[in-house]
Amino acid sequence: MVCRAVIFDFIGTLVYCKNYSMVDSEIKLYSALVSQGFELEKEQFLEAYKEAHQKYRKIRYEQFREVTNAVWVSDALCNLGFRTTPEHSGVKEALNIFFQDFLNTVELCEGAKQLLTQIAQQYRVGLISNFTYAPVIYKCLQKTGIHSYFNAIVISEEVELRKPSPKIFHDTLNRLGIQAHEAVFIGDSPLEDIKGAKEAGLRTVFKPSQFNSIADLVQSNQTPDQIVEKLASIPQKISQIFT
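Cut-offs used in this document
Residues numbered from 1 in each chain as written. Predicted model: local features only at pLDDT ≥ 70, side-chain atom pairs only at ≥ 80, totals over all residues. Heavy atoms only, no water. Helix = DSSP H or I, 4+ residues; strand = E, 2+ residues; numbered from the N terminus. Rg over C-alpha atoms; globule rule 2.2 N^0.38 Å. Contact = heavy atoms within 4.5 Å. Areas by Shrake-Rupley, 256 points an atom, 1.4 Å probe, with all protein chains shown as cover. Lys, Arg positive; Asp, Glu negative; His and termini not counted. Charge placed at Lys NZ, Arg CZ, Asp CG, Glu CD. Phe/Tyr/Trp six-rings, centres within 6.5 Å; stacked < 30°, edge-to-face > 60°. Lys NZ or Arg CZ within 6 Å of the ring centre and 35° of its normal. Patch = residues over 30% accessible without salt bridge, like charges linked within 9 Å, V, L, I, M, F, W, Y side chains within 5 Å. Salt bridge = Lys/Arg side-chain N within 4 Å of Asp/Glu carboxyl O. Buried < 20%, exposed > 50% of the residue type's maximum accessible area, 1.4 Å probe, protein only. Axes fitted to C-alpha atoms, helices over the stretch in contact; angles between N-to-C directions. Parallel < 35°, antiparallel > 145°, perpendicular 65-115°, else oblique. Left-handed = near helix turned anticlockwise from the far one by under 90°. Nonpolar A, V, L, I, M, F, W, Y, C, P; charged D, E, K, R; others polar. 1 Å grid on protein atoms, 1.4 Å probe; cavity = no way out; pocket = protein on both sides within 12 Å on 5 of 7 lines; lining within 4 Å. Points joined across faces, edges and corners; volume = space filled by probe spheres on them. Pairing = 2+ DSSP bridges.

(A) Representation of the overall build of the protein chain. Secondary structure assignment for the protein chain yields twelve helices and eight strands. Here the C-alpha radius of gyration of the protein chain, 19 Å, is about what a compact globule of 243 residues would show, namely 18 Å. Based on the C-alpha atoms only, the size of the protein chain along its principal axes is roughly 60 × 35 × 30 Å. Residue pairs at least 24 apart in sequence account for 67% of intrachain contacts in the protein chain once pairs closer than 6 positions are excluded. Summed over its atoms, the accessible surface of the protein chain is roughly 11,400 Å², and 47% of this surface lies on carbon and sulfur atoms. The average position of the 26 basic charges and that of the 28 acidic charges among the side chains of the protein chain differ by 5 Å.

(B) Spatial organisation of the packing of aromatic side chains. Inspection of the entire model under this criterion finds eleven aromatic pairs. Through a chain of ring-to-ring contacts, the aromatic side chains of Tyr20, Tyr30, Phe45, Tyr49, Trp72, Phe98, Phe99, Phe102, Phe131 and Tyr133 assemble into a single cluster. Above the face of the tyrosine 61 ring, arginine 162 is positioned so that its terminal group lies 4.8 Å from the ring centre.

(C) Quick peek at a negative patch on the surface. Where like charges cluster on the molecular surface, the negative patch consists of Glu41, Glu43, Glu47 and Glu51. Checked against the element boundaries, glutamate 51 lands in helix α2 (residues 42-63). Its relative accessible area of 44% is what places glutamate 51 among the partly exposed residues.

(D) Geometry of the packing of α2 against helix α3 (residues 69-79). The N-to-C vectors of α2 and α3 enclose an angle of 135°; their axes lie 8 Å apart at closest approach. Considered as vectors, α2 and α3 are oriented oblique to each other. Crossing handedness for the pair α2 and α3: right-handed. Of the residues in α3, those in contact with Phe45, Ala48, Tyr49, Ala52, His53, Lys55, Tyr56 and Arg60 of α2 are Asn69, Val71, Trp72, Val73, Asp75, Ala76 and Leu77. Looking at the contact of α2 with α3 residue by residue, the class counts come to ten nonpolar, two polar and three charged.

(E) Here's a closer look at unusual backbone geometry. The amide bond that connects lysine 163 to the next residue, proline 164, takes the cis arrangement and shows omega of 15°. In this model, phenylalanine 64 sits at a positive phi of 60°, which is unusual for a non-glycine residue. Considering the arrangement of structural elements, one finds phenylalanine 64 in the loop between α2 and α3. For glutamate 160, which is not glycine, the phi dihedral falls at a positive 60°. If you trace the backbone, glutamate 160 turns up in the loop between α8 (156-159) and α9 (166-176). On the basis of relative accessibility, which here comes to 55%, the residue glutamate 160 falls in the exposed class.

(F) Highlighting empty space enclosed by the protein. Inspection of the entire model under this criterion finds one cavity of 30 Å³ or more. By volume, the largest cavity amounts to about 50 Å³. When residues in the lining of the largest cavity are grouped by element, the largest group, three residues, is from helix α7 (residues 134-144). Its residues assigned to classes, the lining of the largest cavity comprises five nonpolar, two polar and one charged.

(G) Structural view of the layout of surface pockets. Estimated volume of the largest pocket: approximately 990 Å³. Along the walls of the largest pocket sit 32 residues, with Arg60, Tyr61, Asn130, Phe131 and Arg162 positioned nearest its centre. Taken together, the elements giving at least two residues each to the lining of the largest pocket come down to α1 (22-35), α2, α3 and α10 (190-199). For the lining of the largest pocket, the leading source of residues is α2, giving five residues. Its residues assigned to classes, the lining of the largest pocket comprises 15 nonpolar, eight polar and nine charged.

(H) Inspection of the pairing of strand β1 (residues 5-8) at higher detail. Here β1 shows no split at all, with Ala5 and Ile7 on one side and Val6 and Phe8 on the other all buried. Bridging between β1 and strand β4 (residues 124-129) involves four bridges; their strand directions are parallel. Across the sheet, alanine 5 pairs through a bridge with arginine 124, a residue of β4. Two strands pair when backbone bridges link them, and β1 and strand β6 (residues 183-187) are joined in this way by four bridges, in the parallel orientation. Its bridge partner being in β6, alanine 5 is matched across the sheet by alanine 183.

Next up, the structure:
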């Protein structure tokens, strides 16, 4: 058995978020919408946005269908009496401001670029990211200088699927021209990454992160093929999996 492709999760696996505050970003989202001409009361909007988030979270986490953040915002605004759509230029501009803090806090995990340099010399390289607004991921990849390492980049908003759906893994494999048994997936989420990749037929490596610990992995009852504490250990673990 030979490994021909290595596919990575993004946030938590290759990058981390340093001192990010969702609350601050939501307030900036509100201010940005006001600046775009929406006459809103802050607390009323934040409550409507929270309700929209919960509504679409159920779809996203139970049906594994991605719903772009623009839909949440548009839904919240419509519930407050505005006539708008997810394609409204003001909604898109407000989202760019909303995600700017997140973008500013994203940093490469230790050893990420060195690992990708090594991996790209030996394998096809893929990326699968669950994210509701794809432009942010592309900006993060450019900011961190790792965009060019990937032969396939799949973002849930663009394909309207989320991990752990096997379909998003199969989509990525097709783009890479690789069979599932020839690939390994590296991720930090026991359910989205490890469970999803295993059910799609890939081998798996779990890397704990600021979002998911070894304890979370144990509690999930998922069993990856390997566990790594540091990215630098991944090439050795891949060799052990495919020996």
